[in-house]
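# A look at the structure
Take a look at the letters that make up each chain.
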Amino acid sequence: MARKQFSYQSLLLPIWVSMAYLFLYLPLFVLIAFSFNKVEFPYRWVGFSWRWYQELFASTEIWQAAWNSLLVGSCAVILSLVIGLLFVMWNAQRKSDYLLTYFYPNLIVPEIVFTVGLLSFFVFFNVPLGLLTLIVGHTLLGLGYTIPILHARFSTLDRNIIEASLDLGATYRQTFYKVVLPILMPALVAAGLLVFILSLDDFLIAFFCAGASAQTLPLFIFSMIRTGVSPVVNALATVMLSISGILVIAFCSLRVRARVW
Amino acid sequence: MKTKKAFAQKENSFFWGVVALVWQALFFYLPLSFLLTTSFVKYLSSTGVSYFSFDYYLYLFQPVYGFIFMRSLLAASCTVFVTLSIAYPVAYYLALKVSDRWKNTLFALLILPFWTNFLLLVYSWYFLLENDGLVNMIFLKLGLISSPLHLMNTTGAIYFGMFYCYLPFMLLPLYSSLEKLDPRLLEASADLGASFWQTLRNIIIPLTTSGIKTGALLVFVPAFGEFVIPALLGGDRTMYVGSVITHYFLTVRNVPLGSAFTCISALVLVVFVTVIFKVFRFVFGRDSYGS
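Here we take up the overall build of chain B. From N to C terminus, chain B includes 15 helices and 2 strands. On C-alpha atoms alone, chain B measures out to a radius of gyration of 24 Å, which is more than a quarter above the 19 Å that the 2.2 N^0.38 rule sets for 291 residues. The principal-axis extent of the C-alpha atoms belonging to chain B is close to 80 × 80 × 40 Å. Summarising the internal contacts of chain B: among those between residues at least 6 apart in sequence, 71% fall at separations of at least 24.

This is the structure:
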């Protein structure tokens, strides 16, 4: 009886899983395929061409947006890692961990709520909106992820190793750079990658807090696709998907169990 | 512990550790309390006086806004339900049934959409749903319809876009909680004569409640405030909570009213989620035998 049900199960489950993967990937494949299409409308396949890629790489607007995104992403990564690491190390020598809960709302409060809060805050104090305000917002988002990840790694750190290092005559600075930092490195890289991806992906904070002057990649994509289909966006999507693919492989080979989800 | 203390004392790390707290207070808690305050302050430009009032909240006490909340709650609930139904078997299969060789590849394939720009995920549905898109093409070829269906800018398009974009948010937490499940428990359950469904109901689901909760929250919270998908796939025709907030802050620039609406929607969200969790706990019994 039980055997029969398990064999039924063993057939049904792989089908369901392949359907789910198909659901996830079919739209992406179509998206990529149309970046190589010769003509723009209608969406029929005519022939292969690199035309949209040439247009993509010729556009200065996209390069500017990509540069802004990279700049904001890198700054947010560095800031949230440095601030997060300092906090986690400070927190480790305190008696309780309750201060960690202070950062949980970054993940729980809907992004749109704290984004409009940030916007009205900036507007009230006459802070000019731009890349700087965007970096502030993304660092905030990043702290919500870096602190739990770094804390998880830091709390598994064997204190005896630090003690040994200090006993053997290393200075505090040497101990930090040669012992603590290498142990934390996988967590730092994983958290950094995650923040970078989040920053690159973020549309809401950019839409509200970047102002009119600063254009990031998601803002550019939004303004392009709002009016309809443009194969240049498909070419851009293909390029971005390839970059994400490389980052995913890098992330998976790190084998860090991020405790965020 | 002692070393840690010595290590820290030397480095004067109190000051630097506090930076994160200051940052959080200044750019997270202060703006949020600011939002709350703004929603209660009425400014009269004629006299130049500001005073405390409930006017913005009273203004929002209209059926129209009630419908908007209901619409967003419904959309977010459906998204949670559908993504959970799709994702649970997938996560189960990946965590417990696949050999290690394939596991990493399949897992990487799950993260890829999660790490792809959200807007591009939405955009990819244009090619399926437009009048000349893939769905209509296939249906026409199969002879199911004679003329192209109008699929873009409909509620259906919004829902499908939501299911698609939020599926990875559900998959990852489910996977990581199912992966921690000890396969020996399932064997023991089968040995003791339980059917698959009994094992699922009594062992697997109770032990993965935390994953289900995390996934449901990760999907529900952003889906409730979603504004991009209704704007792009719904053609801005129907208003959702996110669209209203954007409208007040960016289009008409009525910050106090927008703040009041944002505060109410946050309240609606918290109340709804709390009630749902309470109801589920009541219906399915206490979920503490897992932990």
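With that out of the way, let us pick up the interface of chain A and chain B. Opposite the 71 residues of chain A that make contact, chain B presents 79 residues. Sorting elements by how many residues they give to the side of chain A that touches chain B places helix H1 (residues 2-33) of chain A first, with 14 residues. In terms of residue class, the side of chain A that touches chain B is made up of 56 nonpolar, 10 polar and 5 charged.

We now examine the nonpolar core. Residues Ala191(A), Ala91(B), Val122(B) and Leu171(B) are the most contacted members of the largest nonpolar core, which totals 151 residues. Counting residues per element, this core draws most heavily on helix H9 (residues 155-179) of chain B, which supplies 16 residues. Each residue touching Ala91(B), except ones within four places of it in the same chain, is listed here: Leu171(B), Leu174(B), Tyr175(B) and Leu178(B).

Between helix H5 (residues 111-124) of chain A and helix H15 (residues 255-284) of chain B, the least distance of the axes is 10 Å, while the angle of their chain directions is 155 degrees. Of the possible angle classes, the one that applies to H5(A) and H15(B) is roughly antiparallel. H15(B) is crossed by H5(A), and the crossing has left-handed handedness. Every residue of H15(B) that contacts H5(A) at Val113(A), Val116(A) and Ser120(A) is listed here: Val255(B), Gly258(B), Ser259(B), Thr262(B) and Ala266(B). Grouping the amino acids of the contact of H5(A) with H15(B) by side-chain chemistry returns 4 nonpolar, 4 polar and no charged.

Residue and element names in this part refer to chain B. Residue position: Ile138 is located in helix H8 (residues 134-142). A residue is classified by how many C-beta atoms lie within 10 Å of it, and Ile138, with 11 of them, is exposed. Expressed as a C-alpha distance, the spacing of Ile138 and Leu128, which sit 10 residues apart in the sequence, is 9.9 Å.

Right, let's get into the environment of Leu35(B). Positionally, Leu35(B) belongs in helix H2 (residues 13-38). Remark: the alpha-carbon pair of Leu35(B) and Tyr248(B), spanning 213 residues in sequence, is separated by 13 Å. Non-local contacts of Leu35(B), meaning those with residues more than four positions away in its chain, are made with Val116(A), Gly117(A), Ser120(A), Ser259(B), Thr262(B) and Cys263(B).

Time to look at helix H6 (residues 131-155) of chain A. All names here are of chain A. Taking 1.5 Å as the rise per residue, H6 with 25 residues should run 36 Å; its terminal C-alpha atoms sit 35 Å apart, in good agreement. Largest kink in H6: about 30 degrees, centred on Gly142. Counted residue by residue, H6 has 21 buried out of 25 residues, so it is predominantly covered.

Attention shifts here to the confidence of the model for chain B. Residue and element names in this part refer to chain B. For chain B, mean pLDDT is 87; residues scoring 70 or higher make up 93% of the total. Per-element averaging of pLDDT across chain B places helix H1 (residues 2-11) at the bottom with 49 and helix H4 (residues 63-97) at the top with 94. We note a pTM of 0.87 for the whole complex and an ipTM of 0.85 for its interfaces.

Reading guide: rules and limits
Residues numbered from 1 in each chain as written. Chains lettered and ligands numbered in written order. Predicted model: local features only at pLDDT ≥ 70, side-chain atom pairs only at ≥ 80, totals over all residues. Helix = DSSP H or I, 4+ residues; strand = E, 2+ residues; numbered from the N terminus. Rg over C-alpha atoms; globule rule 2.2 N^0.38 Å. Contact = placed C-beta atoms within 7 Å. Nonpolar A, V, L, I, M, F, W, Y, C, P; charged D, E, K, R; others polar. Core = buried A, V, L, I, M, F, W, Y, C linked by C-beta atoms within 7 Å. Buried ≥ 20, exposed ≤ 12 C-beta atoms within 10 Å, placed from the backbone. Axes fitted to C-alpha atoms, helices over the stretch in contact; angles between N-to-C directions. Parallel < 35°, antiparallel > 145°, perpendicular 65-115°, else oblique. Left-handed = near helix turned anticlockwise from the far one by under 90°. Expected span 1.5 Å × (residues − 1). Bend = angle between axes of the 7 residues up to and from the residue. pLDDT = per-residue confidence, 0-100.

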